[in-house]
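Working through the structure, step by step
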Amino acid sequence: MRPVYAGAAVQVAAPPQEVFALITDWPRHREWMFMTSARQVGERRVEAYTGVRPVGFLDTMTILVWEPPSYVLMEHTGRLVRGRGAIRVRPWRGGSRVIWAEELLLPLGAAGRALWPVTRPIVTALARHSLLRLARLLPPGPD
C-alpha cells in the first residue's frame with residue numbers, strides 16, 4: 001500500500017528551543033493539539049489519545065529520531081494510525097518556523113484511499129489549527 005501525505009506549517013514568535021520543548025512535552029499536548037492527550041510510556045514510546053472518551057482512538061508511537069531543538073521523527077504503530085510523522089523547528093525571522101508532516105498508511109484499504117481526498121483537507125486543517133494554538137502558548141523571544 002502506498003502512503004499518503006499531509007502537513008502544515010506556521011511561524012511562531014518564540015525561539016526554536018522553547019518551541020521544541022513545548023512540542024515534545026507530551027503531557028502538554030492537550031493544551032494545543034486538537035482533542036489529543038499524550039504521555040510518554042518508555043524512553044522512546046509515546047501514546048496519544050484523540051477524541052472524547054469513549055469515542056476516539058489510541059495512537060501509539062515510537063521515537064525514531066530525536067534531534068533537539070530541531071527535529072523529531074515518530075513511527076505511528078497503532079491499529080488505526082500507521083506511518084511516520086515528523087516535526088521540524090527552524091529559526092525563522094526572529095522566531096521559529098514549525099513544519100509538521102505526516103506520511104500515513106491509510107486504514108480501511110480501498111475505502112480509506114477513496115475517502116482520502118475528503119479527509120486530507122480536514123487532517124491538514126486540524127494540524128494547522130493545532131500549530132496555531134501552539135504558537136499562541138509561546139511568548140515572543142527577545143528582540
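Residues numbered from 1 in each chain as written. Predicted model: local features only at pLDDT ≥ 70, side-chain atom pairs only at ≥ 80, totals over all residues. Heavy atoms only, no water.

1. Observations regarding the environment of Glu67
Within the secondary structure layout, Glu67 lies in strand β4 (residues 55–67). Each C-alpha atom of the pair Glu67 and Leu105 lies 25 Å from the other, and the pair is 38 residues apart in sequence. (Helix = DSSP H or I, 4+ residues; strand = E, 2+ residues; numbered from the N terminus.)

2. A closer look at the layout of surface pockets
The volume enclosed by the largest pocket comes to roughly 1,000 Å³. As for the largest pocket, its lining consists of 40 residues, of which Phe57, Asp59, Val81, Leu104 and Val123 are closest to the centre. Counting residues per element, the ones that place at least two in the lining of the largest pocket are β1 (4–12), β3 (45–52), β4, β5 (71–77), β6 (82–92), β7 (95–105) and α3 (109–137). Residue contributions to the lining of the largest pocket peak at 9 residues, all from α3. Residue composition of the lining of the largest pocket, grouped by class: 27 nonpolar, 10 polar and 3 charged. (1 Å grid on protein atoms, 1.4 Å probe; cavity = no way out; pocket = protein on both sides within 12 Å on 5 of 7 lines; lining within 4 Å. Points joined across faces, edges and corners; volume = space filled by probe spheres on them. Nonpolar A, V, L, I, M, F, W, Y, C, P; charged D, E, K, R; others polar.)

3. Side note on the pairing of β5
With 5 of 7 residues buried, β5 is to be regarded as a mostly interior element. Direction of pairing for β4 relative to β5: antiparallel, over a ladder of 6 bridges. Within β5, the residue paired with Glu67 across the bridge is Tyr71. Where β4 hands over to β5, the hairpin turn is made up of 3 residues, counted between the paired strands. Following β5, the chain reverses through 4 residues before pairing antiparallel with β6. (Buried < 20%, exposed > 50% of the residue type's maximum accessible area, 1.4 Å probe, protein only. Pairing = 2+ DSSP bridges.)

4. Quick look at α3
When the local axis directions of α3 are compared, the greatest deviation, roughly 60 degrees, occurs at Trp116, which is followed within four positions by the proline Pro117. Of the residues making up α3, those classed as buried are Gly112, Trp116, Ala127, Ser130, Leu131, Leu134 and Ala135. (Bend = angle between axes of the 7 residues up to and from the residue.)

5. Some details on a nonpolar patch on the surface
On the surface, Phe34, Met35, Val52, Val118, Ile122 and Leu126 cluster together into a nonpolar patch covering about 510 Å² of accessible area. Counting residues per element, the nonpolar patch draws most heavily on α3, which supplies 3 residues. With respect to the helices, strands and loops of the structure, Met35 is situated in the loop between α2 (29–32) and β2 (36–42). (Patch = residues over 30% accessible without salt bridge, like charges linked within 9 Å, V, L, I, M, F, W, Y side chains within 5 Å. Areas by Shrake-Rupley, 256 points an atom, 1.4 Å probe, with all protein chains shown as cover. Salt bridge = Lys/Arg side-chain N within 4 Å of Asp/Glu carboxyl O.)

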